[in-house]
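Structural features, examined
This is what each chain is made of:
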Amino acid sequence: MEARMSLDVARIKADFPILRRQVRDGRLVYLDSANTSQKPQAVIDAMAHYYENSNANVHRGTYLIAEEATAGLEGARAKVARFIGAASEREVIFTKNATEALNLVVKAWGRSHLKAGDPVVITELEHHANIVPWHQLVEEIGIELRWIPVGPDGHLDLTDLDRLLDGARVLSFAAMSNVLGTILPIDRLVAAARAVGAIAIIDASQYVPHVATDVQAWGADFVAFTGHKMCGPTGIGVLWGTEAILDDTPPFLTGGEMILNVTKEGFTVNELPWKFEAGTPPIAEAVGLGAAVDYLESVGMESIREHEVTLTGYALRTLTERLGDRLTIHGPAEPAERGGVLSFVVDDIHPHDLTQVFDQYGVCVRAGHHCAKPLMRSMGLGATARASLYLYNDEADVDALAAALESAADFFAF
Amino acid sequence: MPGLEDLYREIILDHYRNPRNRGELESPPAHRSEGFNPLCGDEIVVYLAADGTTIDDIRIAGQGCSISQSSASMMSAAVKGKTVAEARDLVKAFKAMMSIHEHELDGEDGAPEPAADTPELKLGDLEALRGVVKFPVRIKCATLSWNTLANVLNEIESASSRPQ
Ligand SMILES: Cc1ncc(COP(=O)(O)O)c(C=O)c1O
């Protein structure tokens, strides 16, 4: 007998006040955590406690509550650093979200290190946040953007990897697809980048919330993720970078906080990580993110991943059994190779119509292109419906989705 | 579907299942314009053949949800054979029904007047789309083809005002 630590989802659900909400005469069935996650009471309380007791600006007050605020911000940084296996807190930069973190890399490091014709390699399954900033460098500098294709199984097609990486300066990729759930071969990609002397950038927005992360083991140069998808508040994201590369990167936004000295002639930048944190930082949000990290650790990232693999398997089976040939679920078929992100289409029914019907059942699912239009185009799709699972979802949530799907499929049948 | 009867009226579903004027026209000579809904990825292409000021033929291509597709289908049926000016009035009337008034779109401020400048037109089947107003996110779906049509009409007018 294995002693499996399975999650007590009923208890976890009770930690999330919004999941007690009734909508349209039924319970809220929240299946859109790849979009944003819900927040546990502990996070909400930590932020309220901060505002009620310690609100002050950081790094400059000489009074008690200012010290508390600074300790709150820096304490959160320490928690995040430990959570992702950073070598030190100096490597953890707070941003507004993952989008800003990636823009920081592209615009501060990219602009100062890349020149016309330099190849930058990304994949077809990237979120627009890891595409559009590079498009800007194509326009501004004339870098060459290359794409690793995605195969019909939802995995990268690495056949031409060597040719694509030939001469590359950068390889930037998502750790987990926000559309297909695919977990990318992170170690292989980082090693391939290293082999040609390219830097490796990982967009871990969909990974860090769901799978235990060790950035040093990955060995990349930069890793970006966002607080609101990991039970934390909106308004805060993280850029991790090695000290070496952060030291070699000029500041991005500039102004207060990020300087050591300013004269009429110029300025001296602050030390890491503050060099990259211009202006008053998101203090309450950092406190909330720290509480989210505590919460996720108290549940255990291994248990969360195990729960999601099991539930993803249940969802793949249940939906396929109940909808049969009418349903197509995109992405890897094997739960161990993917996260709990299920993109699907039913017959010819447009995803917008599906999710409109779901809403009648209180089932929250996203429809659209999920900010990954190049991927959708390469799969020949305009849009999908996307249900995404997290630690607070259970089989009853999947069953509610299946029932809503059947009802929508019947309604639009023709 | 309880709660959705105002949105999914039978006539809307009919146009969705049997779209009128679906296809393409050779362009040129036909005018062509593309519209995108960045929210959900819907894309629509309107082809319009106009001899002088009359809309001789119209075709709709692209893909989208039942609301955007049926709205496009009804629109194509409504403007075929009409003059460009009449089609413009229909665009205005339809958008007014969707609670969008042109002066708001133009960014002029001031209280929204009660459709004083909106022509009283018989919208016919299009009236079925009135229920969309209750579902704000879907208004963009319903108006996508109309905005695209408006672009084509602009193109026709600027082409005809250009000296040959
Ligand atoms: C893979 C991926 N990258 C980046 C982002 C952007 O996150 P944010 O909107 O918080 O910046 C998202 C979220 O939608 C995502 O899924």
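Residues numbered from 1 in each chain as written. Chains lettered and ligands numbered in written order. Predicted model: local features only at pLDDT ≥ 70, side-chain atom pairs only at ≥ 80, totals over all residues. Heavy atoms only, no water.

A few words now on the overall build of chain A. When its secondary structure is counted, chain A shows 14 helices and 17 strands. Its C-alpha radius of gyration of 22 Å places chain A within 12% of the 22 Å reference for a compact globule of 414 residues. Each principal axis of the C-alpha atoms in chain A carries an extent, and together these give about 75 × 55 × 45 Å. Per-residue burial for chain A yields a buried fraction of 57% across its 414 residues. Taking all contacts inside chain A whose residues are at least 6 apart in sequence as the whole, residues at least 24 apart take part in 71%. Element-wise, carbon and sulfur atoms account for 51% of the exposed surface of chain A, whose accessible area totals about 16,300 Å². Taking the 34 positively charged and 55 negatively charged side chains of chain A as two groups, their mean positions are separated by 3 Å. (Helix = DSSP H or I, 4+ residues; strand = E, 2+ residues; numbered from the N terminus. Rg over C-alpha atoms; globule rule 2.2 N^0.38 Å. Buried < 20%, exposed > 50% of the residue type's maximum accessible area, 1.4 Å probe, protein only. Contact = heavy atoms within 4.5 Å. Areas by Shrake-Rupley, 256 points an atom, 1.4 Å probe, with all protein chains shown as cover. Lys, Arg positive; Asp, Glu negative; His and termini not counted. Charge placed at Lys NZ, Arg CZ, Asp CG, Glu CD.)

All names here are of chain A. Around the ligand, the neighbouring residues are Asn97, Ala98, Thr99, His127, Asn178, Asp203, Ser205, Gln206, Thr226, His228 and Lys229. Between the ligand and aspartate 203, the relevant distance is 2.6 Å, taken from a nitrogen atom to a side-chain nitrogen or oxygen of the residue. Protein chains bury 89% of the 400 Å² of accessible surface belonging to the ligand in isolation. Looking at side-chain class alone, the shell around the ligand contains one nonpolar, eight polar and two charged residues. (Near = heavy atom within 4 Å. Polar contact = N/O pair within 3.5 Å; in protein donor to acceptor, adjacent residues only side chain to side chain. Nonpolar A, V, L, I, M, F, W, Y, C, P; charged D, E, K, R; others polar.)

Right, let's get into the packing of helix H11 (residues 301-323) of chain A against helix H14 (residues 395-412) of chain A. Residues and elements named next belong to chain A. For the pair H11 and H14, the least separation of the axes is 10 Å and the interaxial angle reads 25°. Between H11 and H14, the angle is such that the two are roughly parallel. Once H11 is placed against H14, the crossing between them reads as right-handed. The segment H11 lies against H14, with Leu311, Tyr314, Ala315, Thr318, Leu319, Arg322 and Leu323 engaging Glu395, Val398, Asp399, Leu401, Ala402, Ala403, Leu405, Glu406 and Ala409. Class assignment of the residues belonging to the contact of H11 with H14 gives a composition of 11 nonpolar, one polar and four charged. (Axes fitted to C-alpha atoms, helices over the stretch in contact; angles between N-to-C directions. Parallel < 35°, antiparallel > 145°, perpendicular 65-115°, else oblique. Left-handed = near helix turned anticlockwise from the far one by under 90°.)

This part is about the interface of chain B and chain A. Every contact between the two is made by 24 residues of chain B and, on the other side, 21 residues of chain A. It is Met1, Tyr16 and Arg17 of chain B in chain B that bury the most area against chain A; as a group they hold 33% of the surface buried on that side. Across the contact surface, chain B and chain A share three salt bridges. Salt-bridge contacts for glutamate 43 of chain B lead to lysine 373 of chain A; the nearest nitrogen and oxygen are separated by 3.8 Å. Connecting chain B to chain A are seven residue pairs in polar contact (both at pLDDT 80 or more). At the level of elements, helix H1 (10-17), strand S2 (42-51), helix H2 (66-79) and helix H5 (136-161) of chain B are the ones that each hand at least two residues to the side of chain B that touches chain A. Sort the elements by how many residues they give to the side of chain B that touches chain A and H1 of chain B lands first, with three residues. When the residues that make up the side of chain B that touches chain A are grouped by side-chain class, the tally is 15 nonpolar, five polar and four charged. (Buried area = accessible area lost by both parts, 1.4 Å probe. Salt bridge = Lys/Arg side-chain N within 4 Å of Asp/Glu carboxyl O.)

Glancing now at the pattern of salt bridges. Where side chains of opposite charge bring their charged atoms close, a pairing between them can arise. Evaluation of the coordinates by the stated rule reveals 31 salt bridges over all chains. Put simply, aspartate 32 of chain A and arginine 386 of chain A hold a salt bridge, and the shortest N to O gap is 3.6 Å. You can see aspartate 32 of chain A sitting in the loop between strand S3 (29-30) and helix H2 (41-53) and its partner arginine 386 of chain A sitting in strand S17 (residues 384-388), a full 354 residues away along the chain. Residue classification places aspartate 32 of chain A among the buried residues on the basis of a relative accessible area of 11%. We note a salt bridge from lysine 134 of chain B to aspartate 6 of chain B, for which the minimum N-O separation is 2.1 Å. Placement of the pair is lysine 134 of chain B in the loop between helix H4 (102-105) and H5 and aspartate 6 of chain B in the segment before H1, with a sequence separation of 128 residues.

Turning our eyes to something else, we now look at the confidence of the model for chain B. Low-pLDDT portions of the prediction should not be read for the details of their coordinates. Residues and elements named next belong to chain B. Per-chain confidence: chain B averages 82 in pLDDT, with 85% of residues scoring 70 or above. In the predicted structure, residues 103-116 sits below a pLDDT of 50 and forms nine contacts with residues beyond four places in sequence or in another chain. This prediction of the complex comes with two scores: 0.91 for pTM and 0.78 for ipTM. (pLDDT = per-residue confidence, 0-100.)

Residues and elements named next belong to chain A. What the four strands build is an open sheet, ordered S13-S14-S17-S16; its pairing is antiparallel. Each edge of the sheet is formed by a strand with only one pairing partner; in this case those strands are strand S13 (327-330) and strand S16 (366-368). Mean inter-strand twist for the sheet, computed between neighbouring axes without regard to direction, equals 30°. Of the pairings in the sheet, the one linking S13 to strand S14 (residues 341-346) comprises four bridges and is antiparallel in character. Looking across to S14, one finds that leucine 327 is bridged to valine 346. The strands that H11 touches are S13 and S14; relative to S13, the one it contacts most, it runs at about 155°. Across the face of the sheet, H14 comes into contact with S13, S14 and S17 while running at roughly 20° to S14. (Pairing = 2+ DSSP bridges.)

Attention shifts here to the sheet that holds strand S3 (residues 54-63) of chain B. Residue and element names in this part refer to chain B. Reading across the sheet, the three strands line up as S1-S2-S3 and stay open at both edges, with antiparallel pairing between neighbours. Of all strands in the sheet, those with a lone pairing partner are strand S1 (31-37) and S3, marking the two edges. If you compare each strand with its neighbour and ignore which way they point, the axes differ by 20° on average. In this structure, S1 lies alongside S2, joined through seven bridges in antiparallel fashion. Note on S2: the bridge partner recorded for glutamate 34 is valine 45. Of the strands in this sheet, S2 and S3 are in contact with H2, which crosses S3 at around 170°.

Right, let's get into a negative patch on the surface. A surface patch of negative charge is lined by Asp153, Asp157, Glu334 and Glu337 of chain A. Tracing the backbone through its elements, the reader meets glutamate 334 of chain A in the loop between S13 and S14. (Patch = residues over 30% accessible without salt bridge, like charges linked within 9 Å, V, L, I, M, F, W, Y side chains within 5 Å.)

Once that is clear, we can look at unusual backbone geometry. Following leucine 272 of chain A, the chain continues into proline 273 of chain A via a peptide bond in cis, with omega recorded as -5°. Positionally, proline 273 of chain A belongs in the loop between strand S12 (267-269) and helix H10 (283-299). Here serine 27 of chain B and proline 28 of chain B are connected by a cis peptide whose omega angle stands at -10°. Within the element layout of this structure, proline 28 of chain B appears in the loop between H1 and S1. If you check the backbone angles, cysteine 371 of chain A has positive phi at about 55° while not being a glycine. With respect to the element layout, cysteine 371 of chain A can be found in the loop between S16 and helix H13 (373-378). You can call cysteine 371 of chain A partly exposed: its relative accessible area is 24%.

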